[in-house]
Amino acid sequence: SSDPVLCSRYVQTYKYLVERDAGAPVMPNVFSGFHGVAGLARGAVVAARVLTGQMNPAEGVGLANTSLAFFGGRLYALGESDLPYTVRVDPATGEVTTHGRCDFGGRLFMGMTAHPKKDPVTGEVFAFRYGPVPPFVTYFRFDPAGNKGPDVPIFSVRQPSFLHDFAVTERYAIFPEIQIVMQPMGMVTGGAPVGSDAGKVPRLGVLPKYATDETEMRWFEVPGFNIMHSLNAWEEADGEELVLVAPNVLSLEHALERMELVHSCVEKVRINLRTGAVSRTPLSAENLDFGVIHPGYLGRRNRYGYLGIGDPMPKISGVAKLDLDRAGTGDCTVARRDFGPGCFAGEPFFVPDDVEGDGNEDDGYLVCYVHNERTGENQFVVMDARSPQLDIVAEVQLPARVPYGFHGMFVTQAELQAQQQ
């Protein structure tokens, strides 16, 4: 992580999110493309481009500017409204090229989540898609070589709901069904195609990770639990209990109209698969989201999480480190870094220190972009993830800013050199 070449690869890879569609407006709020006057205007522009022949929907309708994933030897730019786009970063120059939409040999249809989960042990990738027509959610996975397996339609989701992220453990996939719903008629009548349903009770669906159908799917009601992103999930008590850690959006209506007022409280949720009991424990009262962990612990029990401090979201004024083992003792924040007046960051990412690491989960670095709104300066910042103040150990001045609200990832030099053509 101290290698300047690796730092430059992170910058170049994340920079792709900005350059993917230079003519498109930045949409840091995941709903802003669907909701309100701006959403209608954007829809009208898209329709006009289709009618005038400037855009062919068969060649893609998404911006692929939400997140990135690397698996099967390829780097993908993701946006849930469309198929993944294969991109390539030249290991020598950092030049980014787009190879085009990927349907994995005709096996992937419509779209895919921008938050697939890569198992750090098996190399498999687990994902889903959702939409306004049945089945509203479809689950699938990829083998370590990047070959897509069969679809697993989930018909027990009886209403088209917004499903941005999910979680996996060693044996299960966990799907949140929240109070934000899709309104297909809104797409026809000119209204908002996404809205909230206050009468709906949020649920968590648990499905065996290697299921071939949904017969073993179990749903657990979790009133008031509306999540956009998950931090991690794992199994305890010999697999009898599932633990999910995620920021809970406390004022759902603000997520649709006033994102600057959104407040998310990180919670640890326990599901007892034997008794069906569900319990919840808040980990911090602060407004936290865009969380990351050591990627080697995905789906396994982990201790530390790093989350952006919303001031307001999607502006991140700092990063907080939570000790998940302290759940139930009060605020679990054990370290934090504030970037200073007028300085805001994008999503942090944890990079393990594989060179001098001593086996500790938090031995590594947090990296992110910081923009100074007062001076216009932009930096790529590297922080010591083990230090009490998340000390900044390196800074790289950037010629341009990366807009707030995007997700990113860290790609090693070895991964870039192993990219398939």
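Our subject is the structure that appears above.
As a starting point, this report considers the structure included with it. Predicted, not measured: the structure shown is a model, and the values here were computed from it.

### Remarks on the overall build of the chain
So, point 1. Secondary structure assignment for the chain yields 5 helices and 27 strands.
So, point 2. Counting over 421 residues, the chain shows a buried share of 56%.
So, point 3. Accessible surface, the chain: about 17,600 Å² in total, of which carbon and sulfur atoms supply 52%.

### A closer look at unusual backbone geometry
So, point 1. Cis rather than trans, the peptide bond between Pro134 and Pro135 has omega equal to -10°.
So, point 2. In this structure, Pro135 sits in the loop between β6 (125-130) and β7 (137-142).
So, point 3. Following Met313, the chain continues to Pro314 via a peptide bond in cis, the omega torsion being 5°.
So, point 4. With respect to the helices, strands and loops of the structure, Pro314 is situated in the loop between β20 (304-310) and β21 (316-323).

### Examining empty space enclosed by the protein
So, point 1. Inspection of the entire model under this criterion finds 2 cavities of 30 Å³ or more.
So, point 2. Considered as a void within the structure, the largest cavity measures approximately 60 Å³ in volume.
So, point 3. The wall of the largest cavity is formed by Val137, Ile154, Val157, Ser161, Leu163, Phe175, Pro176, Glu177, Met217 and Trp219.
So, point 4. Of all the elements, strand β10 (residues 172-177) adds the most residues to the lining of the largest cavity, at 3 residues.
So, point 5. Of the volumes computed, that of the second largest cavity is approximately 30 Å³.
So, point 6. Those elements that place two or more of their residues in the lining of the second largest cavity are β2 (74-78) and β3 (85-89).
So, point 7. Taken together, the residues of the lining of the second largest cavity sort by class into 2 nonpolar, 5 polar and 2 charged.

### What to know about the sheet that holds strand β9 (residues 167-168)
So, point 1. Pairing is antiparallel in the open sheet, where 4 strands are placed in the order β9-β10-β13-β14. Where the open sheet ends on each side, the last strands, each with one partner, are β9 and β14 (218-221).

### Section: the pattern of salt bridges
So, point 1. The tally for this structure, following the rule as stated, stands at 26 salt bridges.
So, point 2. Of the charged contacts, one joins Arg141 and Glu124 as a salt bridge, the two residues approaching to 3.2 Å between their closest N and O atoms. Of this pair, Arg141 sits in strand β7 while Glu124 sits in the loop between β5 (117-118) and β6, placing them 17 residues apart in sequence.
So, point 3. On the basis of relative accessibility, which here comes to 10%, the residue Glu124 falls in the buried class.

### Topic: the nonpolar core
Nonpolar side chains in soluble globular proteins tend to end up buried together.
So, point 1. Residues Tyr139, Phe175, Ile180, Tyr306 and Leu366 are the most contacted members of the largest nonpolar core, which totals 70 residues.
So, point 2. Here the element with the most residues in this core is strand β25 (residues 364-372); it accounts for 6 residues.
So, point 3. Residues within four places of Leu366 in sequence aside, it is in contact with Val292, Tyr306, Val319, Pro348, Phe349, Phe350, Val381, Val382, Met383, Ala385 and Leu390.
So, point 4. Counting residues in each nonpolar core, the second largest holds 16 residues, with Ile174, Leu204, Ala233 and Leu273 among its members.

### Here we look at the side chain of Asp362
So, point 1. By the secondary structure assignment, Asp362 is in the loop between β24 (349-352) and β25.
So, point 2. By relative accessible area, which is 6% here, Asp362 ends up buried.
So, point 3. Only 2.7 Å separates the side chain of Asp362 from the side chain of Lys321, close enough to count as a polar contact.
So, point 4. Within polar-contact distance, the side chain of Asp362 engages the side chain of Arg386 at 3.3 Å.

The rules we used
Residues numbered from 1 in each chain as written. Predicted model: local features only at pLDDT ≥ 70, side-chain atom pairs only at ≥ 80, totals over all residues. Heavy atoms only, no water. Helix = DSSP H or I, 4+ residues; strand = E, 2+ residues; numbered from the N terminus. Buried < 20%, exposed > 50% of the residue type's maximum accessible area, 1.4 Å probe, protein only. Areas by Shrake-Rupley, 256 points an atom, 1.4 Å probe, with all protein chains shown as cover. 1 Å grid on protein atoms, 1.4 Å probe; cavity = no way out; pocket = protein on both sides within 12 Å on 5 of 7 lines; lining within 4 Å. Points joined across faces, edges and corners; volume = space filled by probe spheres on them. Nonpolar A, V, L, I, M, F, W, Y, C, P; charged D, E, K, R; others polar. Pairing = 2+ DSSP bridges. Salt bridge = Lys/Arg side-chain N within 4 Å of Asp/Glu carboxyl O. Core = buried A, V, L, I, M, F, W, Y, C linked by side-chain atoms within 4.5 Å. Contact = heavy atoms within 4.5 Å. Polar contact = N/O pair within 3.5 Å; in protein donor to acceptor, adjacent residues only side chain to side chain.

These results come straight from atomic positions and should not be treated as a statement about function.
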